Amino acid sequence: MNMKLIRGYSMAILGLLVLVAAGILLLNNLGGKWEMQFFWKPVTLKPAAGMLLAGLSGIIVWYTAIKLLPMAFKTLRKGKNLQQTQNDQRRLKNLEKQKDNSPTV
């Protein structure tokens, strides 16, 4: 496993965790109150603080969906291609060694 592959997997996992957390927060906070359910603990906010948190959360979700996840998939693709190239080169070297060691007729 190479570094690009590890980096791609970690970015993909991080992106998915952010999106799942945003979905959980959204489902927990359906309704017209300014009382926010923060995973397991209810928190009462002032409307201005709630709006700022909503804006910040939106920016984080947007960055995750638009920037982080595509970058993660691109890095995963590059890592897989690099790993495949290394495997192909290793197999080619083994075939060349077998060809050199085989008796000629």
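Since the model is a prediction, treat every value here as computed from it, not as a measurement.

What counts as what
Residues numbered from 1 in each chain as written. Predicted model: local features only at pLDDT ≥ 70, side-chain atom pairs only at ≥ 80, totals over all residues. Heavy atoms only, no water. Helix = DSSP H or I, 4+ residues; strand = E, 2+ residues; numbered from the N terminus. Buried < 20%, exposed > 50% of the residue type's maximum accessible area, 1.4 Å probe, protein only. Areas by Shrake-Rupley, 256 points an atom, 1.4 Å probe, with all protein chains shown as cover. Pairing = 2+ DSSP bridges. Contact = heavy atoms within 4.5 Å. pLDDT = per-residue confidence, 0-100. Patch = residues over 30% accessible without salt bridge, like charges linked within 9 Å, V, L, I, M, F, W, Y side chains within 5 Å. Salt bridge = Lys/Arg side-chain N within 4 Å of Asp/Glu carboxyl O. Lys, Arg positive; Asp, Glu negative; His and termini not counted. Charge placed at Lys NZ, Arg CZ, Asp CG, Glu CD. Expected span 1.5 Å × (residues − 1).

**Side note on the overall build of the chain**
In step 1: Counting its regular elements, the chain contains two helices and two strands.
In step 2: Shown N-terminal to C-terminal, the secondary structure of the chain runs as helices and strands in the order α-β-β-α.
In step 3: Put simply, the chain has 105 residues, and 15% of those count as buried.
In step 4: Approximately 8600 Å² of the chain is accessible, and the part contributed by carbon and sulfur atoms is 67%.

**Describing the pairing of strand 1 (residues 35–38)**
In step 1: As defined by bridge partners, strand 1 adjoins strand 2 (residues 41–44) across four bridges and the pair is classed as antiparallel. Its bridge partner being in strand 2, Met-36 is matched across the sheet by Val-43.
In step 2: Hairpin connection of strand 1 to strand 2: two residues between the antiparallel strands, including Phe-39 at a positive phi of 55 degrees.

**Observations concerning the side chain of Asn-2**
In step 1: Relative to the helices and strands, Asn-2 is located in the segment before helix 1 (3–28).
In step 2: Relative accessible area serves as the criterion here: at 12%, Asn-2 is assigned to the buried category.
In step 3: With residues near it in sequence (within four places) discarded, Asn-2 still touches Gly-79, Leu-82 and Gln-83.

**Points about the environment of Thr-64**
In step 1: Note that Thr-64 resides in helix 2 (residues 47–101).
In step 2: Once the C-alpha coordinates of Thr-64 and Val-18 are considered, the two residues, 46 residues apart in sequence, prove to be 7.2 Å apart.
In step 3: If we skip the residues at most four places from it in the chain, Thr-64 touches Gly-15, Val-18, Leu-19, Leu-69 and Pro-70.

**Things to note about the confidence of the model for the chain**
In step 1: Of the residues in the chain, 89% reach a pLDDT of 70 or more, and the chain-wide mean stands at 83.
In step 2: Taking the mean pLDDT of every element in the chain, the minimum, 75, falls on strand 1 and the maximum, 87, on helix 2.

**Some details on a positive patch on the surface**
In step 1: Side chains of Lys-4, Arg-7, Lys-74, Arg-77 and Lys-78 sit close together on the surface and give a patch of like positive charge.
In step 2: A per-element tally of the positive patch places helix 2 first, with three residues.
In step 3: Within the fold, Arg-7 resides in helix 1.

**Remarks on helix 1**
In step 1: Taking 1.5 Å as the rise per residue, helix 1 with 26 residues should run 38 Å; its terminal C-alpha atoms sit 37 Å apart, in good agreement.
In step 2: Among all positions of helix 1, only Leu-5, Gly-8, Met-11, Ala-12, Gly-15 and Leu-25 are buried.

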